Amino acid sequence: MKNIAICFLTALVLLATSGAEVSRGASFPNPKTFGVTGILPSTKGKVVLYDFWASWCQPCRQAFPAYDRLYKKYKGQGLIVVGVGTDKKPKDSAGFLKRLSPSFPVIFDHSQRFVAKVGPKGMPTAYLVGKNGKVAFIHSGFRGAKTVKTIEAQIQVALKK
Amino acid sequence: MKPYFLLVTLFAFTSCGKVAPWERANLARKAMAPDRNPLGEAMADHMYFSREGSLGGKGVGGGGCGCN
């Protein structure tokens, strides 16, 4: 009985600790080292908002126009919004982008290696990375104006630093 | 007997896996939604209510896509 309990606990610990996650204050990994496709602009000295999305995710669809507005508003002050498509099939991502056509750059993580490294808790998840390359803020999900207000406040703080 | 039992237990645990948020495309499909046919559901509810006097008690929060 004791052995079963030990096995059970070991399995639980392994499940709980599997996969690394990027948390607030940690260095954000460089997407280029994970074989992503698409054009990633230079992010050196910029505040970057990485938005992880998938074509099957309804809130991701609502988030895109909002992040596009933030990008247009703060681009001149040094903000870059980068959409990170996590669909396995390029066809799915292409259809999604055709409908929304964002003005911010989008990269594709079809192998899902980058998203697995970052480890977002849900779709969409936005990571605000400061000029120092560290994660300043993480927001999971998209709840309309409430989310935009929260993220905008964090962007303003990050741009001032 | 004991090592064999432990081995079987360990193999059983390998089937326990976490579906990551970015791997939930199939779970987010319409076919996976419990309320994919609202009219049919309403008809079934009406039938259960009329014949059995039972209603509700089957609510679940989405198909598990992890959105919001």
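Residues numbered from 1 in each chain as written. Chains lettered and ligands numbered in written order. Predicted model: local features only at pLDDT ≥ 70, side-chain atom pairs only at ≥ 80, totals over all residues. Heavy atoms only, no water.

### A few points about the packing of helix α2 (residues 58-74) of chain A against helix α3 (residues 90-100) of chain A
Residues and elements named next belong to chain A. For the pair α2 and α3, interaxial distance at closest approach is 11 Å and the crossing angle is 40°. One element, α2, and the other, α3, form an angle in the oblique class. Our pair here, α2 against α3, has a crossing hand that is right-handed. Contacts from Cys60, Arg61 and Phe64 of α2 reach α3 at Phe96, Leu97, Arg99 and Leu100. (Axes fitted to C-alpha atoms, helices over the stretch in contact; angles between N-to-C directions. Helix = DSSP H or I, 4+ residues; strand = E, 2+ residues; numbered from the N terminus. Parallel < 35°, antiparallel > 145°, perpendicular 65-115°, else oblique. Left-handed = near helix turned anticlockwise from the far one by under 90°. Contact = heavy atoms within 4.5 Å.)

### Some details on the packing of aromatic side chains
All names here are of chain A. Taken as a whole and assessed by the stated rule, the structure comprises 12 aromatic pairs over all chains. Ring geometry for phenylalanine 28 versus tyrosine 50: centroids 4.4 Å apart, planes at 20°, classification stacked. A residue pair is termed long-range when its members are at least 10 positions apart, and phenylalanine 28 in the loop between α1 (2-17) and β1 (47-53) and tyrosine 50 in strand β1 qualify at 22 residues. The exposure class assigned to tyrosine 50 is buried, which follows from its relative accessible area of 4%. Ring centres 5.9 Å apart and planes at 85° place the aromatic pair phenylalanine 28 and phenylalanine 114 in the edge-to-face group. (Phe/Tyr/Trp six-rings, centres within 6.5 Å; stacked < 30°, edge-to-face > 60°. Buried < 20%, exposed > 50% of the residue type's maximum accessible area, 1.4 Å probe, protein only.)

### Re the side chain of A:His139
All names here are of chain A. For histidine 139, the location among the structural elements is in strand β5 (residues 135-140). What makes histidine 139 buried here is its relative accessible area of 10%. Of the polar contacts made by the side chain of histidine 139, one reaches the backbone oxygen of glycine 141; its length is 3.1 Å. Sequence-distant contacts of histidine 139, defined by excluding residues within four places in its chain, comprise Pro124, Thr125, Ala126, Thr147 and Ile151. (Polar contact = N/O pair within 3.5 Å; in protein donor to acceptor, adjacent residues only side chain to side chain.)

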